[in-house]
Amino acid sequence: MTTTFTLSQRDSRPMYLQIIEQIRVRIASGTWEAGHRLPSIRELAADTRVSVITVKRAYQELESDGVIVTRPGMGSFVADTEGLDTRLKEEEMDQHLKAAIQAARAMGLEGKALLSRLRELLDAESQAANGGNKR
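On a predicted model such as this, the values are computed, not experimentally measured, just so you know.

What is the right way to read the packing of aromatic side chains from this model?
In this description, an aromatic ring pair is defined by two values, namely the gap between the centres and the angle between the planes. The tally for this structure, following the rule as stated, stands at one aromatic pair. A cation over an aromatic ring shows up here: Arg26 above the ring of Phe5, its NZ or CZ 4.2 Å from the ring centre.

Next up, the structure:
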């Protein structure tokens, strides 16, 4: 099973977190559905050129979060949990929104100003998606 994972030494996050993120994105996007078999720990370690311990830590955290399940002798699989993809999408979006809030506060914007700016951007995006037609 060959699956491309892109890990970067330039990324400030540890390798295991990069692996976790890429697996979560695949599940949230529907690329990997419930029951999908993940690469074995050894396969992924060899493919990404990281230690088995690094991949094992990523898998343990994903299992602890209920994202994957491991069946001894069979491997690790995407958990068959209703709404898992939606939950992962929401968690990913929350991270981006929290970063936006922190950036806004660092620039002196508070709640109302941030919400107003978000509405403006949403409106502009909607107009662009509709071919720029105004109401």
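I tried to follow the layout of surface pockets on my own but got confused; where do I start?
Unoccupied space between atoms shows up once a probe the size of one water molecule is rolled over them. In this structure, the largest pocket spans a volume of roughly 320 Å³. Every residue lining the largest pocket is counted, 13 residues in all, and those nearest its centre are Arg13, Glu21, Arg24, Glu92 and Gln95. Residue composition of the lining of the largest pocket, by class: six nonpolar, two polar and five charged. There is about 280 Å³ of room inside the second largest pocket. Ala100, Ile101, Leu114, Leu115 and Leu118 are the residues nearest the centre of the second largest pocket, which is lined by 14 residues in total. Elements that contribute at least two residues to the lining of the second largest pocket include exactly α4 (84–106) and α5 (111–129). Ranked by the residues each element gives to the lining of the second largest pocket, the list is headed by α5, at six residues. Looking at the lining of the second largest pocket residue by residue, the classes come out as 10 nonpolar, one polar and three charged.

I tried to follow the pairing of strand β1 (residues 68–71) on my own but got confused; where do I start?
Consecutive side chains of a regular strand alternate in pointing toward one face of the sheet and then the other. Of the strand pairs in this sheet, β1 and strand β2 (residues 75–78) are connected by four bridges, and their pairing is antiparallel. Looking at the pairing, Thr70 lines up with Ser76 of β2. Between the end of β1 and the start of β2, which pair antiparallel, lie three residues, with Gly73 showing a positive phi angle near 80°.

Even after reading the chapter, I still don't get the nonpolar core, so can you show me in this structure?
For soluble globular proteins, nonpolar side chains are generally found buried alongside one another. Core analysis: the largest hydrophobic core is formed by 23 residues, its most contacted members being Ile19, Ile23, Ile27 and Tyr59. Among the elements of the structure, α1 (15–28), α2 (41–48), α3 (52–64) and α4 are those that each provide at least two residues to this core. Of the residues forming this core, the biggest block, seven residues, is contributed by α1. When near neighbours in sequence (up to four residues on either side) are disregarded, Ile19 contacts Phe5, Leu7, Leu44, Val50, Thr54, Val55 and Ala58.

Which parts of the structure should I look at to understand the pattern of salt bridges?
It is possible for side chains of opposite charge to pair when their charged atoms get near one another. Using the criterion set out here, one finds nine salt bridges in the structure. Residue Asp11 pairs with Arg13 through a salt bridge whose shortest N-O separation is 2.5 Å. Put simply, Arg57 and Glu61 hold a salt bridge, and the shortest N to O gap is 3.6 Å. Within this pair, Arg57 and its partner Glu61 are both found in helix α3, separated by four residues, close to a single helical turn.

What counts, and where the lines are drawn
- Residues numbered from 1 in each chain as written.
- Predicted model: local features only at pLDDT ≥ 70, side-chain atom pairs only at ≥ 80, totals over all residues.
- Heavy atoms only, no water.
- Phe/Tyr/Trp six-rings, centres within 6.5 Å; stacked < 30°, edge-to-face > 60°.
- Lys NZ or Arg CZ within 6 Å of the ring centre and 35° of its normal.
- 1 Å grid on protein atoms, 1.4 Å probe; cavity = no way out; pocket = protein on both sides within 12 Å on 5 of 7 lines; lining within 4 Å.
- Points joined across faces, edges and corners; volume = space filled by probe spheres on them.
- Nonpolar A, V, L, I, M, F, W, Y, C, P; charged D, E, K, R; others polar.
- Helix = DSSP H or I, 4+ residues; strand = E, 2+ residues; numbered from the N terminus.
- Pairing = 2+ DSSP bridges.
- Core = buried A, V, L, I, M, F, W, Y, C linked by side-chain atoms within 4.5 Å.
- Buried < 20%, exposed > 50% of the residue type's maximum accessible area, 1.4 Å probe, protein only.
- Contact = heavy atoms within 4.5 Å.
- Salt bridge = Lys/Arg side-chain N within 4 Å of Asp/Glu carboxyl O.

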